[in-house]
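Structure at a glance
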Amino acid sequence: MTPAVMMSMLDACIAMCQLCMDACMEHADHSEVCKMCAQSCKACMDACMDMKNMMMKAA
C-alpha cells in the first residue's frame, strides 16, 4: 500500500465517521445506543486523524 492510498483511505474513514457521528448525535439524548455509537465514531475518527498526522510528519 502506498502512502497516497493510505491517506485516501484515512480521509474516507474520517468522512464516514463524521457522518455517522452526526447522525447518531441527533438521537443521542434519547438513545443510549446512539450515544455509544457516536462516541465510537468519534474515537475512530480521532484515531484516523492521529494516524494521518503522524504520516504527514514522517513524509
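Here the structure is shown first, and the text comes after it.
Being a predicted model, the structure only gives us computed values, none of them experimental. (Residues numbered from 1 in each chain as written. Predicted model: local features only at pLDDT ≥ 70, side-chain atom pairs only at ≥ 80, totals over all residues. Heavy atoms only, no water.)

**Regarding the overall build of the chain**
Scanning the chain for helices and strands turns up two helices and zero strands. A compact globule built from 59 residues should have a C-alpha radius of gyration of about 10 Å, whereas the chain, at 14 Å, is more than 25% larger. Projected onto its principal axes, the C-alpha coordinates of the chain cover approximately 45 × 15 × 15 Å. Put simply, the chain has 59 residues, and 22% of those count as buried. (Helix = DSSP H or I, 4+ residues; strand = E, 2+ residues; numbered from the N terminus. Rg over C-alpha atoms; globule rule 2.2 N^0.38 Å. Buried < 20%, exposed > 50% of the residue type's maximum accessible area, 1.4 Å probe, protein only.)

**Observations regarding the environment of isoleucine 14**
For isoleucine 14, the position within the fold is in helix α1 (residues 3–25). The buried category is assigned to isoleucine 14, whose relative accessible area is 13%. Along the backbone, isoleucine 14 and lysine 52 are 38 residues apart, and their C-alpha atoms lie at a distance of 9.9 Å. Those residues in contact with isoleucine 14 that sit more than four places away from it in its chain are Met45, Cys48, Met49 and Lys52. (Contact = heavy atoms within 4.5 Å.)

**Some remarks on the pattern of salt bridges**
Applying the stated rule across the entire model yields two salt bridges. The salt bridge partner of lysine 52 is aspartate 11, with a shortest N-O separation of 2.3 Å. Of the two residues, lysine 52 is situated in helix α2 (residues 32–58) and aspartate 11 in helix α1; the sequence distance between them amounts to 41 residues. On the basis of relative accessibility, which here comes to 35%, the residue aspartate 11 falls in the partly exposed class. Between lysine 42 and aspartate 46 there is a salt bridge whose closest N-O contact spans 3.0 Å. Within this pair, lysine 42 and its partner aspartate 46 are both found in helix α2, separated by four residues, close to a single helical turn. For lysine 42, a relative accessible area of 38% translates into the label partly exposed. (Salt bridge = Lys/Arg side-chain N within 4 Å of Asp/Glu carboxyl O.)

**Points about the environment of methionine 49**
For methionine 49, the location among the structural elements is in helix α2. Here methionine 49 falls in the partly exposed class, since its relative accessible area comes to 35%.

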